[in-house]
Amino acid sequence: MLDHNNKSKLAHNANRSVLSLTSPAKLNIMSSEWSRGGHGKIGKRALRRTHSLNSRSLKNAEAHLESEKGFIPSYARPKMSISAPPLVRRSSSFFKEEVERNDFSRIRGHSSSSACSNSRPAPQDSDDMHMVSNDRFIPSLQNNSQTKVDPMALKEDLPPPNASPSTHLRAQTKLVFKQTVAEACGLDINQRILQYMPQPPVASFKRQNYSISRRTHYNYQQCQQQNQPELMKLRKINSNPERILDAPGYQDDFYLNLLSWSSKNFLAIALETALYLWNGSSGEVTMLVDYKDTKITSVVWSDDDCHISVGKEDGNTEIWDIETMSLVRTMRSNLGVRIGAQSWLETLVATGSRSGEIQINDVRLKKHIVSTWAEHSGEICGLSYKKDGLQLASGGNDNTVMIWDTRISMPQWVKRTHTAAVKALSWCPYIPNVLATGGGQTDKHIQLWNSTTGSRLGSISTGSQVSSLHWGQSYSSTGQMNREIVATGGNPGNAISVFNYDTKFKIAEIVHAHESRICCSQLSPDGTTLATVGGDENLKFYKVFEPRRKNKRRTKGVAEDVLNLFSHRSSGLSRMDSGDCLGDSQSDVETTNDGNENPSSSQRASNFLIR
Amino acid sequence: MSQSISLRGSTRTVTEFFECSINSILYQRGVYSQDDFTTVKKYGLTLLKTQDDDLKAYIRVILLQVHKWLIGQKCNKLVLCIVDKDECEVIEKWAFDVVHLKNEKFIEEDHEPLDPSETQNQIRALIRQITASVTFLPELTNEGNYTFNVLAYTDANAKVPLEWSDSDSKEVTNAETVKFKTFATNDHKVSAQVSYKH
C-alpha cells in the first residue's frame with residue numbers, strides 16, 4: 001500500500017514536471033509525428049527529450065524510473081476508451097494545461113485504438129513498455145470523464161463519412177477543445193444560460209431619471225394604438241402675457257394656495273395679510289380684508305361663487321360674503337397651525353392644516369368640524385374634491401397622495417410614488433376618474449392616476465417642480481379635441497408647460513414666464529387664460545388654451561353623461577340634486593350667520609353626509 | 001394533432017404559473033412597491049398582480065419568449081434573481097425547473113393523463129408554499145434597493161432573440177437552498193426552489 005502511494009506520488013511528480021516544461025509547440029511536433037504513424041517509439045523519444053530538459057527533477061525521475069521497474073506488473077493500468085487522436089495546434093499558453101492533459105491521454109488512447117485499426121504492432125520493446133507504462137500513471141490521476149466526448153450528445157454534426165480522415169480529426173479536435181473549455185469554465189456545453197438583458201422598470205420608491213429614449217418609445221406606441229393619422233403638432237401659444245399686475249407682498253411659499261378665480265370672473269389673491277379681489281371683466285381691484293397681523297395662507301372660492309373662504313396662519317378659516325363684503329363666519333380648527341389648502345364641496349369645506357390633519361367643515365353647522373382625517377404626516381398643501389364629491393384628493397409634504405372615499409372617511413388609495421411634496425392636484429374634467437398630481441422640487445413628475453382602480457396611468461417628467469396643474473383643451477384642424485394639461489414650475493425655467501394627456505408630449509411651453517418660481521396659478525372661468533403668480537410678485541395672465549367648443553362638447557358630453565349614469569349611478573345622482581343643495585347652502589349660511597341653528601338644516605346636512 | 005393541442009395547453013399552464021409566481025415573488029419580496037399591486041383571483045387563491053404598465057409589459061415580453069421556447073421544448077429552467085442594486089449581488093435566486101415529459105428521453109415512460117384539477121391543486125399548493133416562504137427568508141431591508149433579472153436555461157440550438165444574451169448562472173454565495181413542491185401537467189413537470197444568502 002505504501003509502495004503504491006509512493007508510486008502514484010512519483011507519477012504525479014513526473015507528470016507535473018513533464019507537463020510544466022512541455023510547450024504546446026513541442027506537443028504538436030510529437031503528436032503530428034505520431035499521427036503520421038509508423039512507429040511506436042514516439043512516446044518514448046518525446047518524453048525522453050522532455051525529461052532531458054527537466055534539469056531539476058531529472059535525476060529524481062531517473063531514480064524513480066529505476067525503482068519503479070519492479071512495480072509495473074502489479075499496477076493495473078486503466079483502460080483507455082478514447083479514440084480521438086491528437087492534433088492540437090494551439091499557440092496560446094492559456095490553454096496549455098488543459099490541452100496538454102488531453103493530448104497525453106489521447107496519445108495513449110490513440111495508440112490502443114490504432115493498434116487494432118491499423119493492425120500496427122503495439123510497442124513490444126520492454127524499454128518502450130516501461131516508458132509507456134510509466135507515462136500511463138498520468139491518466140490515472142486525470143478525470144477520465146473529461147475525455148469522453150460523445151458527438152451525439154453534443155448534437156454536433158459529424159463530417160460526412162467520405163471526408164478525409166484529417167477532416168474528421170479536425171472536427172473531433174474541435175469538439176474536444178470546446179468540451180474542455182466548457183468544462184474548465186464549469187459549464188454544460190449543451191446548455192445556454194440566457195439573461196433577458198433589458199432592465200426591469202424601476203420600482204416606484206425610487207424612480208429613474210428622465211430618459212428621452214423611453215419617452216419617445218412610449219409615445220410612439222401610444223400613437224400607434226390610437227391610429228392617429230396626423231402627427232401631434234407643437235402648439236403655438238403666445239409667450240407674452242396678456243396682462244401683468246403687480247402683486248406686492250406676495251408670499252413666495254410653495255405650500256400655500258393664495259390664488260383663486262371664481263366662475264363669476266373674480267380673481268382673489270392674498271398678499272401677505274390682505275385679500276384683494278380683481279374683477280376680470282372690469283379690471284377693478286378691491287380689498288376685501290386686511291388682517292394686519294395674521295398672514296393669509298389659503299384662499300378658495302365656494303362652489304356658488306358668492307363666498308370665499310380664507311385660511312389663516314392661526315388655524316382659523318373665515319368665510320366672507322362677496323355681495324355684502326362681510327364676514328359670514330369663522331371656523332376654528334383648534335390646531336393652531338396654518339391652513340394651507342382648502343376645497344369646497346357645496347356646503348362642505350375641507351381644510352388641510354400644517355400638522356397633517358384634514359378637517360371636513362360643514363358651514364351650516366355650529367359644530368362645523370364633521371370629521372377629522374389624520375393620515376398625512378406632513379403639511380397638507382393640496383386638496384381637491386372630485387366633481388361628484390365621492391372622492392377627495394389630498395397631497396402632503398410627506399410626499400404622499402391620498403384619495404379619500406368621502407363616504408367612509410378612509411383613504412381609498414395611498415400613493416407614495418412622488419418623492420417630494422405634492423401640491424398640484426387636478427381632477428380631469430373629461431374622464432371622471434382621472435387625477436393628475438404633481439410633485440415638488442426633488443420629484444418634478446406629474447403622475448396620472450385612475451382613482452377607481454388606483455392604478456397609475458402615466459407619468460410625465462417636467463424637469464422642474466410642479467406647483468399647479470390644470471386641464472385644458474385645444475382643437476386640431478379636423479376639429480378633434482386634444483386633452484391637455486398645463487403645469488407651472490420653478491427652477492430652472494420658471495416655465496408654463498402644456499402637455500398632451502394622451503401622448504404625454506410637451507406640446508407648448510412658455511419659458512421664463514416669471515423672474516422667479518411660479519407659486520400658484522388659476523385657470524379663468526372660460527378655461528383659456530392662466531393666471532400665474534410667482535416669487536417675483538407679479539400676477540401674469542397667459543392665454544394657454546383654446547375656448548371650449550360648446551357644440552362639440554355638447555354631443556360628446558351627453559354621451560359621456562349617459563355612460564356615467566351607467567357606470568357611476570351614484571355620481572350621476574349626486575350631480576342631479578347638486579342644484580338644490582347649492583340653494584340650500586346659501587340660505588343656510590345666512591342662518592348660521594345669525595347664530596340660529598335650524599334643526600332641519602342640520603338634518604339636511606347629515607342627510608347630505610350620508611349620501 | 002391532439003398531442004400538439006395538449007402541449008400548447010400545458011405550456012400555457014406553465015407560463016401562467018410563471019407569471020403568477022413572478023408577480024407574487026416581486027410582491028412578497030418587496031422588489032416593487034405594494035401600491036403597484038392589485039389582487040386577483042387565480043387557482044382559487046387571492047394573488048397579487050402588478051398594475052404598473054411598464055412592469056406588466058416587461059414580464060409579458062419575457063414570458064412570451066419563454067412560452068415559445070417551452071413549446072419547442074428548448075427551455076428547461078427559468079430563474080428569477082433578486083439583485084442588490086448597489087452591489088450587483090444576487091441576494092435570492094428562485095429557480096423553476098421544467099422537465100418536458102414528452103421529450104424523446106422520457107418517451108418510453110407511459111403517463112396516464114392527469115386530471116386538470118389535480119394540476120390546479122398542485123399549483124395552488126406550490127404557490128402557497130412560495131407565499132409562505134417569506135417567513136423563513138431573510139428580510140430584505142433597504143426597500144427599493146432591489147431589482148430582478150430573469151434567466152432562462154435553453155438548449156444550445158435554441159433561437160435567441162436579440163434581447164437575450166448569454167450569462168453566467170448567477171449563483172448566490174453561501175446559499176441555503178430550499179426545494180418546493182412540484183406540479184405536473186400532461187407534458188411538463190415543474191419544480192421550484194429558492195436559494196438565499198445564509
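Rules of the game
Residues numbered from 1 in each chain as written. Chains lettered and ligands numbered in written order. Predicted model: local features only at pLDDT ≥ 70, side-chain atom pairs only at ≥ 80, totals over all residues. Heavy atoms only, no water. UniProt positions renumbered as here; feature names shortened; annotations may be inferred. Helix = DSSP H or I, 4+ residues; strand = E, 2+ residues; numbered from the N terminus. Contact = heavy atoms within 4.5 Å. Pairing = 2+ DSSP bridges. Axes fitted to C-alpha atoms, helices over the stretch in contact; angles between N-to-C directions. Salt bridge = Lys/Arg side-chain N within 4 Å of Asp/Glu carboxyl O. Buried < 20%, exposed > 50% of the residue type's maximum accessible area, 1.4 Å probe, protein only.

Chain B is annotated in an unreviewed UniProt entry as HORMA domain-containing protein from Zygotorulaspora mrakii. Listed under Subcellular location (unreviewed entry) in UniProt, the entry text for chain B is "Nucleus". As stated in UniProt under Sequence similarities (unreviewed entry), the record for chain B gives "Belongs to the MAD2 family."

Within an unreviewed UniProt entry, the label attached to chain A reads CDC20/Fizzy WD40 domain-containing protein, and the organism entered is Zygotorulaspora mrakii.

**Side note on the overall build of chain A**
Secondary structure summary: chain A contains 14 helices and 29 strands in total. Here the contacts in chain A between residues at least 6 apart in sequence split such that 53% fall between residues at least 24 apart.

**A few points about the sheet that holds strand S21 (residues 445-450) of chain A**
All names here are of chain A. Here we have four strands laid out as an open sheet, ordered S19-S20-S21-S22, and antiparallel in their pairing. Single-partner strands in this sheet number two, and they are strand S19 (422-427) and strand S22 (456-461). On average, each strand axis in the sheet is inclined to that of its neighbour by 20 degrees, with strand direction left out of account. Pairing between strand S20 (residues 434-439) and S21: five bridges, direction antiparallel. What sits directly across from Val434, in S21, is Asn450.

**Focus on unusual backbone geometry**
Residue and element names in this part refer to chain A. At Lys292, a residue that is not glycine, the phi angle is positive and equals roughly 70 degrees. Topologically, Lys292 is positioned in the loop between strand S6 (285-290) and strand S7 (296-301). In this structure, His512 is a non-glycine residue whose phi angle is positive, near 50 degrees. Topologically, His512 is positioned in the loop between strand S26 (506-510) and strand S27 (518-523).

**Things to note about the sheet that holds strand S3 (residues 75-84) of chain B**
Taking strand neighbours across the sheet as the criterion, the seven strands line up as S6(B)-S1(A)-S5(B)-S3(B)-S4(B)-S8(B)-S7(B) in an open arrangement whose pairing is antiparallel. A single partner strand is all that each edge strand has here, and the edge strands are strand S6 (164-166) and strand S7 (175-184) of chain B. On average, each strand axis in the sheet is tilted by 25 degrees relative to the strand beside it, whichever way the strands run. Contacting strand S1 (191-196) of chain A together with S3, strand S4 (89-100), strand S5 (146-155), S6 and strand S8 (188-197) of chain B, helix H2 (residues 53-71) of chain B crosses the sheet at an angle of about 15 degrees to S5(B). Along the sheet, helix H3 (residues 116-132) of chain B makes contact with S4, S7 and S8 of chain B, crossing S7(B) at roughly 160 degrees.

**A few points about the pattern of salt bridges**
On inspection of all chains with the given rule, the structure shows 19 salt bridges over all chains. The shortest N-O distance in the salt bridge between Arg483(A) and Asp502(A) comes to 2.9 Å. Of this pair, Arg483(A) sits in strand S24 (residues 481-489) while Asp502(A) sits in the loop between strand S25 (496-500) and S26, and the two are 19 residues apart along the sequence. Of the residues examined, Asp502(A) reaches a relative accessible area of 13% and is grouped as buried. Between Asp53(B) and Lys56(B) there is a salt bridge, with its nearest N and O atoms 3.9 Å apart. Residue Asp53(B) and its partner Lys56(B) are both found in helix H2; the two are separated by three residues, about one turn of the helix. By relative accessible area, which is 42% here, Lys56(B) ends up partly exposed. Taken together, the shared-partner salt bridges connect Asp253(A), Arg338(A), Arg354(A) and Glu379(A) into one network.

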